Amino acid sequence: MQRFFAFVKRDAEHVFANVISLVVCVGMVVVPSFYAWFNIAGSWDPYGNTGNLKVAVANSDAGYTGELIPMSLNMGERMTSSLVESTSIGYTMTSEDEAIEGVQSGKYYAAIVFPEDFTTDMMSVLSSSATKPKVLFYQNEKANAIAQIVTEKGSSAVQSQVNETFTKTIT
C-alpha cells in the first residue's frame, strides 16, 4: 500500500509542476460537472414555465337557442373565457384564421378552435339525433419537442374542461 501512495504522490508532484497538465486535469473534472449540472437544471421542471407557452384560442361558435325551453347558450364563449383566465398555459384570444395562421408561422405553439356548431352539437344530446361536439386542435410540431408534449397535455385538459362545463350547464 505504501508503494501505491508513493506512486500517487509522484504523479501529483508531476501534475502540479507543469501548468498545462494542471489545466488539463482541472478541465477533465470541471467540464463534465458543468455539462451535467446544466443538463439537469435545464430539464428539471419542463412544465414549470408553461405560462410562457403561447396557445391561440378561437371561438367561432354561433351558440344555441332552445325551442322547447327558451334559453340562449354559447358554450364556446364560456370555454374561451375560462381558458383565457387560466394561468397554466399562455392562452391568447384570436380569430380562427389568425389562430391557424399563427400556428403555421410559429407565432403560437398550438391553437384551439371552437367551431360554429359547437354548442348546437353539444345540446343535441337532448334530442333523438345526438352529434358529438368537436374542438379543433392545431399544433406546430416543429417549434419545440417539449412544447408538443405540453400542448398535448393542454388539449386533454381542454377536453376535460369542456366535459366539466357541459355537465355543469346541463345540470
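Residues numbered from 1 in each chain as written. Predicted model: local features only at pLDDT ≥ 70, side-chain atom pairs only at ≥ 80, totals over all residues. Heavy atoms only, no water.

## Observations concerning the overall build of the protein
Secondary structure summary: the protein contains six helices and six strands in total. When the helices and strands of the protein are placed in sequence order, the string is α-α-β-β-β-α-β-α-β-α-β-α. Split into buried and exposed, the 171 residues of the protein put 27% on the buried side. (Helix = DSSP H or I, 4+ residues; strand = E, 2+ residues; numbered from the N terminus. Buried < 20%, exposed > 50% of the residue type's maximum accessible area, 1.4 Å probe, protein only.)

## A word on the side chain of T80
One can find T80 in helix α3 (residues 75–85). For T80, a relative accessible area of 2% corresponds to the buried category. A distance of 2.3 Å separates the side chain of T80 from the backbone oxygen of G76, its partner in a polar contact. (Polar contact = N/O pair within 3.5 Å; in protein donor to acceptor, adjacent residues only side chain to side chain.)

## Quick look at the nonpolar core
Of all hydrophobic cores here, the largest spans 16 residues; its most connected members are V55, L83, Y91, I112, F114 and F118. Where this core is concerned, the elements lending two or more residues are β1 (54–59), α3, β5 (110–114) and α5 (118–123). In this view, I112 contacts V55, A56, V57, A58, L83, Y91, V135, L136, F137 and V158; residues no more than four positions away in its chain are not counted. (Core = buried A, V, L, I, M, F, W, Y, C linked by side-chain atoms within 4.5 Å. Contact = heavy atoms within 4.5 Å.)

## A word on the packing of helix α1 (residues 2–17) against helix α2 (residues 19–42)
With their axes 5 Å apart at the nearest point, α1 and α2 run at an angle of 105 degrees to one another. Taken together, the axes of α1 and α2 lie roughly perpendicular to each other. The segment α1 lies against α2, with H14, V15, F16 and A17 engaging V19, S21, L22 and C25. (Axes fitted to C-alpha atoms, helices over the stretch in contact; angles between N-to-C directions. Parallel < 35°, antiparallel > 145°, perpendicular 65-115°, else oblique.)

## Topic: the sheet that holds β5
Strand order in the open sheet formed by four strands is β4-β1-β5-β6, and the pairing between neighbours is mixed. At either end of the open sheet lies a strand with only one pairing partner, and these are β4 (90–94) and β6 (136–139). Strand-to-strand twist across the sheet, computed as the mean angle between neighbouring axes with direction ignored, equals 20 degrees. Where β1 lies against β4, five bridges are found, and the strand directions are parallel. (Pairing = 2+ DSSP bridges.)

## Topic: the pairing of β1
Taken together, the five bridges between β1 and β5 define a ladder with parallel strand orientation. Looking across to β5, one finds that A58 is bridged to V113.

## Some thoughts on the packing of aromatic side chains
Centre-to-centre distance and the angle between the planes together describe a pair of aromatic rings. As enumerated under the stated definition, the model contains four aromatic pairs in all. Ring centres 6.2 Å apart and planes at 25 degrees place the aromatic pair F34 and F38 in the stacked group. Of the two residues, F34 and F38 are both situated in helix α2; the distance of four residues between them amounts to about one turn of the helix. Owing to a relative accessible area of 48%, F34 belongs among the partly exposed residues under this scheme. For F38, a relative accessible area of 52% translates into the label exposed. (Phe/Tyr/Trp six-rings, centres within 6.5 Å; stacked < 30°, edge-to-face > 60°.)

## Side note on a nonpolar patch on the surface
On the surface, V26, V29, V30, F34, W37 and F38 cluster together into a nonpolar patch covering about 620 Å² of accessible area. By secondary structure assignment, the location of V26 is in helix α2. Residue V26 is classed as partly exposed on the basis of its relative accessible area of 45%. (Patch = residues over 30% accessible without salt bridge, like charges linked within 9 Å, V, L, I, M, F, W, Y side chains within 5 Å. Areas by Shrake-Rupley, 256 points an atom, 1.4 Å probe, with all protein chains shown as cover. Salt bridge = Lys/Arg side-chain N within 4 Å of Asp/Glu carboxyl O.)

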